[in-house]
Amino acid sequence: DKGESGPVFTPDGSLLFRSRRAGEEDDDPPALWLLPAGGGEARQLLRPAGGVGGVAVARDAGTVVIVSSRFADSKDDKQEKERRKARKDAKVAAVLHESSPIRYWDHDLGPDQPHLLLLDLLDSLDSTGDDEDLTRDLTPDPGPALDEQPTLLTPDGRTVVTGWSELDSPGYRRSAIVGIDVADGHRRTIAADPDAHFGLFDVSRDGRNAVYVRETDPTVDLAPSLSLWLVDIASGERRQLAADASLWPASATFSVDGSAVFVTSDDHGHHNVFRVDVDTDQVERVTRTGHYSSLSVAPDGLMLYALRDHIDSPARPVRIDATAVDGDPVELLAPGAVVIPGRLEDISVTVEDGTTVRSWLTLPSHASAENPVPLLLWMHGGPVSSWNSWSWRWNPWLMVAKGYAVVLPDPALSTGYGHAMVQRGWKQWGGTPYTDLMTVTDDVEARPDIDASLTSAMGGSYGGYLANWVAGHTDRFRCLVTHASLWSLNAFFGTTDGPAYWAREWGLPGEVPEQYEQWSPDRYLDAITTPMLVIHGDKDYRVPIGEGLRLWWDLQRTGVEAKYLYFPDEGHWVLKPDNARVWYETVWAWLASHVHGEDWKRPALL
């Protein structure tokens, strides 16, 4: 039903989940609901004034902790409701901030902050639904420490293990891992580092250990690195796992007996499952192809369950042999199969410094030497990222269905090829990544099934930066599409949602002006002649709307053919289905007019 998410099982098999259903008004906060294990209708347990942002359940004890937001100094839910009603009645939406950050991707932070509330599940089942407070606040004064942090419980329900961020320097919050005693709310630090951030992954089934990712701080000269660590929850003793493996951990899950950790990581155009032995650090690749997420270990430990997608397949549930090496999963029955309108190839090219740069190439079935097709270069965002998964927002097959070939390169800065590949592009976004992309394009254009005279390029976020950079450095493309893109690095600094992180990566403009001068696309405006479609969402806080507005204005005033597709209700990504449809229709029309010479046709809804 409306807004349902975050399902978690209780020990008896009942299901807790978040939902907005049965709210009195459309803006009512999400409530906590329970679906009984024995069947029947779901029932609402509680709807705190600040809503339910998440729920965690102790595997054995059944202890329940919810994440809910409260204003500073609110002592209970009754007081919280009164304060929220007062703001609503006064039509006040203002927020007074005392430290950064104040935004995250597409939403504002504050004026309330997440709290961890202990819920008595039995009392909530017997509740009459009146204003009784069924929770106890385990974090009465957290400030913003729990913003965007994971929450787990040890199986015995005695300890909450969670991320906890504190201000390290102006605007720069550093995440540690803490344990909070459920009995009295006492908080202690389990793992912290003055030079790194921690991201919590899982707690072992015996409650002894936690596994987490350690991400080093970036510097102007050195790219961050990710590593996998094990920590003893009681003592805080920790050590790195699989230090010699080139893993880029995205998730990690303990085996049933705790002897191994199953890790998902980018891996040469895939995102595979790896098994790491906790005692020996031996690493084995469990799967050989695909992109895996939502990894879960079966109760008997013999099988894994996950969602598998890839460039040519949307997410499908699969079963994986937990002992396999380079195995293939068994696909489970599920709705939503998709027939791909073309073929997929894995291609590689050696660039000038001897590095192998690989790409995915999607082609229409009819592409051949006798019937060559136009080429679209797609540049991924991140920039520390990889083309290895299915996306409904940037889906090459919708272009293939229109007769285009799409090449998806992983240039310098891409993950899945070791830290050295990321470092190759560090500090010079328009340098090695750009030359890698041009070499890939040269290589694909030389194919007999590609019409090299009909090549265009697209990118979003960092890929949009690259589209802007391409515009100022070559006229080889018929047209460009630049989505949510960086244009003026100096203007971007300080307006993005994470300026303190940016300052560490790029340095301050006043201290390293040459860095901004050399790599900012707007410095090359006068060289741009290629027609450009600019796309931006007003709720984009990662790359604020000012970047799109400034680019659009600069192209107009210098006479470059351009159009501007603006989404007042979207953020960094276009997520609403009808907006996504308009996005594709506009891109198709733009490409048709410049690649095929057709008359411009405005999409019907625009």
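See the structure printed just above.
So, a few notes on the structure that sits alongside this text. Note that the structure is a prediction, hence the values are computed from the model and not measured.

### What about the nonpolar core?
Then comes step 1: Membership of the largest hydrophobic core comes to 73 residues, with the highest contact counts inside it found for Leu228, Val261, Tyr465 and Leu555.
Then comes step 2: It is helix 6 (residues 462-471) that provides the largest number of residues to this core, a total of seven residues.
Then comes step 3: Look past the residues within four positions of Tyr465 in its chain and what remains in contact with it is Trp429, Gly430, Ser485, Leu486, Leu489, Trp519 and Pro521.
Then comes step 4: Leu376, Met399, Leu533 and Trp583 belong to the second-largest nonpolar core, a separate cluster that totals 30 residues.

### Digging into the packing of helix 5 (residues 432-445) against helix 6
Then comes step 1: One way to put it is that helix 5 packs onto helix 6 with a least axis distance of 11 Å and a crossing angle of 75°. In terms of axis orientation, helix 5 runs roughly perpendicular to helix 6. Residues Pro433, Tyr434, Leu437 and Met438 of helix 5 pack against Tyr462, Leu466, Trp469 and Val470 of helix 6.
Then comes step 2: Residue composition of the contact of helix 5 with helix 6, grouped by class: eight nonpolar, no polar and no charged.

### Thoughts on the sheet that holds strand 2 (residues 15-19)
Then comes step 1: Across the sheet, four strands lie side by side as 1-2-3-4; this open sheet has antiparallel pairing. Edge positions in the sheet fall to strand 1 (5-9) and strand 4 (43-46), since each of these pairs with one other strand and no more. Averaged over all pairs of adjacent strands, the angle between their axes in this sheet comes to 30°, without regard to strand direction.
Then comes step 2: With three bridges joining them, strand 1 and strand 2 adopt antiparallel strand pairing. Bridge pairing in strand 2 places Val8 opposite Leu16.

### Topic: the packing of aromatic side chains
Then comes step 1: For the coordinates displayed, the defined rule picks out 22 aromatic pairs.
Then comes step 2: Considering the side-chain rings of Tyr465 and Trp469, the 6.1 Å spacing of their centres and the 15° angle between planes classify their relative orientation as stacked. With Tyr465 and Trp469 both in helix 6, this residue pair falls four residues apart, about one helical turn. Per residue, the accessibility class of Tyr465 equals that of Trp469, and both read buried.
Then comes step 3: These aromatic residues form a ring-pair network of at least three members: Trp429, Tyr462, Tyr465, Trp469, Phe492, Trp502, Trp506, Tyr516, Trp519 and Tyr524.
Then comes step 4: A cation over an aromatic ring shows up here: Arg358 above the ring of Trp360, its NZ or CZ 4.5 Å from the ring centre.

### A closer look at the sheet that holds strand 12 (residues 159-169)
Then comes step 1: Spatial ordering of the open sheet is given by 11-12-13-14, a layout of four strands whose pairing is antiparallel. On the outer flanks of this sheet lie strand 11 (151-153) and strand 14 (187-191), each paired with one strand and no other. With strand direction ignored, the average angle separating the axes of adjacent strands in the sheet is 40°.
Then comes step 2: As paired elements, strand 11 and strand 12 share three bridges and run antiparallel to each other.

### Focus on the pairing of strand 23 (residues 291-297)
Then comes step 1: Here strand 23 pairs with strand 24 (residues 303-310) via five bridges, running antiparallel. Within the sheet, the bridge partner assigned to Ser296 lies in strand 24 and is Tyr305.
Then comes step 2: Remark: five residues form the turn of the hairpin made by strand 23 and strand 24, two consecutive strands paired antiparallel; Gly301 in that turn has positive phi of roughly 80°.

### Looking at helix 10 (residues 545-557)
Because each turn of an α-helix spans 3.6 residues, side chains separated by three or four positions end up pointing in the same direction.
Then comes step 1: The terminal C-alpha atoms of helix 10, which comprises 13 residues, lie 19 Å apart, in line with the 18 Å expected from a rise of 1.5 Å per residue.
Then comes step 2: Along helix 10, the residues classified as buried are Ile545, Glu547, Gly548, Leu551, Asp554 and Leu555.
Then comes step 3: Check the buried side of helix 10 and you find it contacts helix 6, strand 32 (480-483), helix 7 (489-492), strand 33 (532-537) and strand 34 (562-567).
Then comes step 4: Of the residues flanking the end of helix 10, it is Gly559, one or two places downstream, whose phi is positive at about 80°.

### Structural notes on the side chain of Gln515
Then comes step 1: Here Gln515 is to be found in helix 9 (residues 513-519).
Then comes step 2: Among the polar contacts listed, one links the side chain of Gln515 to the backbone oxygen of Lys427, at a separation of 3.2 Å.

### Digging into the pattern of salt bridges
Then comes step 1: Under the defined criterion, the tally for this structure stands at 36 salt bridges.
Then comes step 2: Lys81 serves as the salt-bridge partner of Asp77, at 3.7 Å between the closest nitrogen and oxygen. Of this pair, Asp77 and Lys81 are both found in helix 1 (residues 77-89), four residues apart, which corresponds to roughly one turn of the helix.
Then comes step 3: We note a salt bridge from Asp168 to Arg504, for which the minimum N-O separation is 3.2 Å. Taken together, the positions of Asp168 in strand 12 and Arg504 in helix 8 (residues 499-506) put the pair 336 residues apart, joining distant regions of the chain.
Then comes step 4: Given the relative accessible area of 39%, Asp168 is considered partly exposed.
Then comes step 5: With a relative accessible area of 26%, Arg504 lands in the partly exposed category.
Then comes step 6: Overlapping salt bridges bring together Glu517, Asp522, Arg523, Arg550, Asp554 and Arg557 as one network.

Quick notes on the rules
Residues numbered from 1 in each chain as written. Predicted model: local features only at pLDDT ≥ 70, side-chain atom pairs only at ≥ 80, totals over all residues. Heavy atoms only, no water. Core = buried A, V, L, I, M, F, W, Y, C linked by side-chain atoms within 4.5 Å. Buried < 20%, exposed > 50% of the residue type's maximum accessible area, 1.4 Å probe, protein only. Helix = DSSP H or I, 4+ residues; strand = E, 2+ residues; numbered from the N terminus. Contact = heavy atoms within 4.5 Å. Axes fitted to C-alpha atoms, helices over the stretch in contact; angles between N-to-C directions. Parallel < 35°, antiparallel > 145°, perpendicular 65-115°, else oblique. Nonpolar A, V, L, I, M, F, W, Y, C, P; charged D, E, K, R; others polar. Pairing = 2+ DSSP bridges. Phe/Tyr/Trp six-rings, centres within 6.5 Å; stacked < 30°, edge-to-face > 60°. Lys NZ or Arg CZ within 6 Å of the ring centre and 35° of its normal. Expected span 1.5 Å × (residues − 1). Polar contact = N/O pair within 3.5 Å; in protein donor to acceptor, adjacent residues only side chain to side chain. Salt bridge = Lys/Arg side-chain N within 4 Å of Asp/Glu carboxyl O.

The quantities given are spatial measurements derived from coordinates; they are silent on function.
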